[in-house]
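So you can see what is in the structure, the chains are spelled out below.
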Amino acid sequence: MISLRVGPPLREKERLAPRARLFLTAAAVATVSAVQSGPAAAQNAAAVELPEVVVTAPSPVAKPKKVAKKKPEPQQQAAPEPAPASQASISAEPEPVGPAEETVTPQALGDQLPGTLLVVDDAFVPVTVTTEREIEATRGSTLTETLQTKPGISGTTFAAGSNRPIIRGLDTYRVRVQENGIGSGDVAALSEDHAVPIDPSSASRVEVVRGPATLRYGSQAIGGVVAVENDRIPSAIPNGGFSGEIRGGISSVDDGRDGSFRATAGASGIAVHADGFKRRADDYDTPRGRQLNTFVDSEGGALGISMVGLSGFLGVSISRIESLYGIPGEEAAEVSPRIDLEQDKLQVKGEWRVKDFGVEAFRVWFGASDYKHTENINEGAGFEVGNLFTNEEWEGRIEAQHLPLVTSLGTLRGAIGAQAFNREIEGRNLEGGDSLLAPAETDSVAAFIFEELDVTDRLTLQAAARIEHTEVNGSGRLDPLNAGDTLVGLKRDFTPVSVSLGGLYKLPGAHVVSLNGQYVERAPDAGELFSAGVHEATGTFEIGNPDLDVEKAITVEAGLRKATGAFRYDATAYYTRFDGFIFKGLTGVECLEDLASCGGPIGPGDEPLDQVLFDQRDARFYGVEIAAQYDVSPIWNGVWGIEGQYDFVNAEFSNGDKVPRIPPHRLGGGLYYRDLNWFARAGVLHAFDQDRFAAEFEEIATPGYTLVSAELSYTARMTGLAGVPQEMTIGLKGENLADDEILNHASFKRREDVLLPGASVRLFGSIKLN
């Protein structure tokens with residue numbers, strides 16, 4: 001049993017106790033496993049066929065499954081095929097290396113065996129998938145903690161409670177984060193200190209589209225999509241009418257403790273769901289000592305209900321999240337800046353499998369959210385609110401997939417869709433200075449189409465197009481740098497158009513080659529157009545540019561992948577050329593709290609802010625992402641293997657200057673062992689010195705670092721009362737075990753030498769029913 005301690009922050013003398021418990025637990029894990037292991041496991045662990053995982057983010061076109069699914073038990077009321085909209089299947093199927101005397105079905109295993117590289121081999125764009133098991137084992141209060149060591153993905157690491165994903169050097173307004181197909185509904189893109197209000201414990205799976213995804217999701221996905229999937233809206237009734245899970249963990253570096261539960265039940269065509277979580281962490285340790293003001297305290301939960309029938313489902317969920325977290329840096333000891341956020345969210349999701357009148361299925365998503373947070377500082381008389389940010393938005397999307405058409409060129413599958421979006425956002429300064437963003441409203445409508453043609457059994461082509469109309473209303477200055485100009489109401493209209501063409505070809509030996517080209521356009525965000533005030537997070541006085549035009553990009557990428565067999569890999573190379581890349585340019589002027597102070601005298605006690613103006617310039621990005629895994633041979637009860645990864649992105653403007661905050665080259669590798677019960681892994685990930693920095697933006701070089709990690713876990717599977725399958729997991733995961741000093745070049749906190757966490761060990765565990 002894992003004991004979770006959720007209470008007030010520990011006193012200094014108490015901080016050593018959790019660390020002792022963590023290391024002592026390693027012996028307990030080994031002892032428990034001796035009872036469960038047996039000779040039979042050795043013969044079937046390496047030969048087990050892992051279950052198929054269906055990803056839903058890249059495309060609205062659902063394809064036939066690769067592997068026939070086990071028929072539902074009589075009591076399961078899940079609707080028959082086709083499954084909910086999916087583009088690509090992941091086959092994480094190691095090549096059999098030994099005979100199996102005991103039958104072990106994929107359905108009995110649930111999720112993938114830990115440590116297996118999941119490769120999406122039939123998507124036209126590169127996709128990274130993170131499973132629930134990986135999320136459970138990783139320390140941290142954001143989704144990015146699990147993602148940021150994957151090729152092509154890193155994080156802003158602004159604060160322990162605010163770490164937004166970076167994909168191929170792009171973030172904020174260019175990377176969309178969504179939950180169950182609907183945007184996260186926050187203000188995280190407006191500033192790096194703003195959190196994405198989706199807790200890791202709510203995710204069953206995370207899919208990351210690395211590269212442009214505007215064709216399905218719109219302007220703010222020009223750099224990629226981070227798609228969180230869960231069962232808050234049930235699409236089926238569980239076998240036996242019930243499934244549930246409880247899980248939790250503690251970590252040594254920050255005395256972190258977290259716990260969560262989820263449960264789904266149903267009968268007679270009605271399914272209900274409930275989940276909740278609580279997490280708390282104190283300031284984390286670094287090789288230089290405690291990093292002040294890195295605490296996190298958050299909680300939340302959700303309720304959902306669905307009607308489930310033979311031809312589909314329709315459901316709704318409501319959720320709430322609250323989070324309080326500190327902002328580290330130069331002001332941490334003086335005023336302890338912190339953010340206190342809350343969000344309420346409503347989501348609707350449904351699918352009607354028509355299979356007639358030329359229609360395969362209709363699918364619908366809708367979401368509405370109400371978000372706000374305050375930014376508080378303590379100047380000696382208690383915490384006071386300095387800034388208030390609010391965001392109210394709704395989004396809806398509907399997709400219709402037509403039945404396959406047999407043509408003279410091959411079988412044609414496709415879908416059309418429409419999307420609508422409205423957002424009202426404001427960033428108000430309550431201390432008398434200029435507000436970062438006066439009230440602004442964005443309205444957007446779009447239509448899109450995807451078509452896929454199976455020319456032969458080996459060759460598939462895809463074409464897609466999207467047209468979008470976006471209207472942004474806000475307040476700005478006609479001459480942004482003229483303090484004499486008052487804010488006036490302004491309106492901008494944009495009509496971005498995006499198209500893509502791609503192909504997949506299956507080579508002998510289960511290798512798949514892909515080639516994809518996209519022309520995509522992005523409408524500027526309200527923050528880029530109308531910002532006009534203090535941005536404490538980045539130490540800048542930001543001035544939007546209402547004259548910004550549509551940002552355009554041409555991307556070409558080629559991939560080579562293999563999803564099955566003992567050797568699995570995913571390799572992608574890409575090149576993107578931006579026409580009118582929007583960025584924040586330093587003007588060389590310093591400001592205080594309002595535009596009138598810019599360029600004026602700076603007193604000895606003043607803290608000046610760098611004035612920045614949103615501008616546009618042509619730029620190019622290019623890079624490589626490689627991940628590979630090889631099951632070397634059977635050993636003991638399972639198989640051992642080696643793995644490796646490498647990624648880099650280079651980015652520069654047309655005049656040769658470097659784009660700021662670009663992650664460094666990274667190279668990593670390790671060893672692993674897995675069987676039906678045990679999983680063990682040890683590895684390193686080295687980030688090289690980042691000496692290709694943007695001097696124009698006052699960047700400096702960042703030294704490299706080496707992350708040493710290790711993991712050991714044990715899973716027991718059994719049949720409980722009334723024949724209900726049970727699964728229990730307990731494990732240890734160590735991160736940065738060499739206690740290296742880690743500075744993130746892609747973080748605004750790099751300039752303040754804010755270190756990332758030092759050596760840490762996390763004890764985690766879970767119990768699943770059905």
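What you see is a predicted model, and the numbers here were worked out from it, not measured in a lab. (Residues numbered from 1 in each chain as written. Predicted model: local features only at pLDDT ≥ 70, side-chain atom pairs only at ≥ 80, totals over all residues. Heavy atoms only, no water.)

A. Just the overall build of the protein, in detail. Looking only at helices and strands, one finds eight helices and 36 strands in the protein. When the 770 residues of the protein are sorted by exposure, 58% land in the buried category. Counted over contacts in the protein with a minimum sequence separation of 6, partners at least 24 positions apart contribute 70%. Total accessible area computed for the protein in this model is approximately 29,600 Å², and 59% of it derives from carbon and sulfur atoms. (Helix = DSSP H or I, 4+ residues; strand = E, 2+ residues; numbered from the N terminus. Buried < 20%, exposed > 50% of the residue type's maximum accessible area, 1.4 Å probe, protein only. Contact = heavy atoms within 4.5 Å. Areas by Shrake-Rupley, 256 points an atom, 1.4 Å probe, with all protein chains shown as cover.)

B. View of the nonpolar core. In this structure, Leu-190 and Tyr-325 are the most contacted members of the largest nonpolar core, which totals 35 residues. In terms of residues, this core owes the most to one element, helix H8 (residues 526-530), which gives three residues. If you look at the next biggest cluster of nonpolar residues, it comprises 17 residues, including Leu-170, Ala-553, Phe-583 and Val-649. (Core = buried A, V, L, I, M, F, W, Y, C linked by side-chain atoms within 4.5 Å.)

C. Looking closely at the environment of Val-55. Considering the arrangement of structural elements, one finds Val-55 in strand E1 (residues 53-55). Considered as a pair, Val-55 and Arg-205 are 150 residues apart in the sequence and their alpha carbons are 9.0 Å apart.

D. Structural context of the sheet that holds strand E6 (residues 175-179). Taken in spatial order, the five strands make up an open sheet running E3-E8-E9-E6-E7, and their pairing is mixed. Two strands in the sheet have a free side with no partner beyond their single neighbour: strand E3 (127-131) and strand E7 (182-183). Pairing between E6 and strand E9 (residues 224-229): five bridges, direction parallel. Each residue of the ladder has a partner; that of Glu-179, found in E9, is Val-228. (Pairing = 2+ DSSP bridges.)

E. Quick peek at a nonpolar patch on the surface. Taken together, the side chains of Ile-270, Val-272, Ile-305, Met-307, Leu-314, Val-364 and Ile-398 present a nonpolar region at the surface, about 560 Å² in accessible area. Listed by contribution, the elements that provide at least two residues to the nonpolar patch are strand E12 (270-281) and strand E15 (296-309). Relative to the helices and strands, Val-364 resides in strand E18 (residues 359-378). Overall, the relative accessible area of 31% leaves Val-364 in the partly exposed class. (Patch = residues over 30% accessible without salt bridge, like charges linked within 9 Å, V, L, I, M, F, W, Y side chains within 5 Å. Salt bridge = Lys/Arg side-chain N within 4 Å of Asp/Glu carboxyl O.)

F. Examining the packing of aromatic side chains more closely. Applying the stated criterion across every chain yields a total of 16 aromatic pairs. Seen from their ring centres, Phe-578 and Phe-581 are 5.0 Å apart, and the 70 degrees between their planes marks the pair as edge-to-face. Of the two residues, Phe-578 and Phe-581, neither departs from the other in class, the shared state being buried. Here the aromatic rings of Trp-636 and Tyr-673 are separated by 5.8 Å at their centres, their planes lie at 35 degrees, and the arrangement is tilted. Placement of Trp-636 in the loop between strand E30 (609-635) and strand E31 (638-653) and of Tyr-673 in strand E32 (residues 666-674) is noted, with a sequence separation of 37 residues between them. Judged by relative accessible area, which is 13%, Tyr-673 ranks as buried. Among the aromatic residues, ring-to-ring pairing joins Phe-578, Phe-581, Phe-583, Phe-621, Phe-653 and Phe-697 into one connected group. A cation over an aromatic ring shows up here: Arg-168 above the ring of Tyr-574, its NZ or CZ 3.9 Å from the ring centre. (Phe/Tyr/Trp six-rings, centres within 6.5 Å; stacked < 30°, edge-to-face > 60°. Lys NZ or Arg CZ within 6 Å of the ring centre and 35° of its normal.)

G. Inspection of the pairing of strand E8 (residues 205-210) at higher detail. Of all six residues in E8, six are buried, a share of seventy percent or more. Burial of E8 is two-sided: the residues Arg-205, Glu-207 and Val-209 facing one way and the residues Val-206, Val-208 and Arg-210 facing the other way are all buried. Relative to E8, E3 is paired through five bridges, and the arrangement is antiparallel. Within E8, the position partnered with Val-127 by the bridge is Val-209. In terms of strand pairing, E8 meets E9 through six bridges, oriented antiparallel. Counted as the bridge partner of Val-209 is Val-225 from E9.

H. Molecular detail of the pattern of salt bridges. Counted by the stated rule, this structure contains 54 salt bridges. With its nearest N and O atoms 2.8 Å apart, the salt bridge here joins Arg-168 to Glu-625. With Arg-168 in the loop between strand E5 (165-167) and E6 and Glu-625 in strand E30, this pair connects stretches of sequence that are 457 residues apart. For the pair Arg-168 and Glu-625, a shared accessibility class is recorded, and that class is buried.

I. A look at the confidence of the model for the protein. Scored by pLDDT, the protein has a mean of 87; 86% of the residues are at 70 or more. pLDDT under 50 marks residues 67-111. Its contacts with residues more than four places away, or in other chains, come to 132 contacts. (pLDDT = per-residue confidence, 0-100.)

J. Here's a closer look at the state of the cysteines. Considering all chains together, one arrives at one disulfide under this definition. With a sulfur-sulfur separation of 1.9 Å, Cys-591 is cross-linked through a disulfide to Cys-598. Where Cys-591 bonds to Cys-598 through sulfur, the torsion about that S-S bond is close to 110 degrees, and the disulfide is right-handed. Judged on exposure class, the residue Cys-591 and its partner Cys-598 are both buried. (Disulfide = S-S within 2.5 Å.)

K. Summary view of unusual backbone geometry. At Trp-636, a position not held by glycine, the phi torsion is positive, near 50 degrees. We note that Asp-739 has phi near 55 degrees; this positive angle belongs to a residue other than glycine. Position of Asp-739 among the secondary structure elements: in the loop between strand E35 (725-735) and strand E36 (760-769).

L. Spotlight on the side chain of Asp-610. When you line up the elements, Asp-610 lands in strand E30. Buried charge without a partner: Asp-610 forms no salt bridge, and the closest opposite charge is Arg-751, 4.1 Å away. With residues up to four places along the chain from it excluded, the contact list for Asp-610 reads Gly-539, Thr-540, Phe-541, Leu-586, Val-589, Glu-590, Glu-698 and Arg-751. (Lys, Arg positive; Asp, Glu negative; His and termini not counted.)

M. Molecular detail of the side chain of His-745. As for its position among the elements, His-745 is in the loop between E35 and E36. The class of His-745 is buried, set by a relative accessible area of 4%. At a separation of 3.4 Å, a polar atom in the side chain of His-745 contacts the side chain of Glu-699. With near-sequence residues (within four places) excluded, His-745 lies in contact with Arg-661, Ile-662, Gln-690, Phe-693, Glu-699, Ile-700, Thr-702 and Arg-750. (Polar contact = N/O pair within 3.5 Å; in protein donor to acceptor, adjacent residues only side chain to side chain.)

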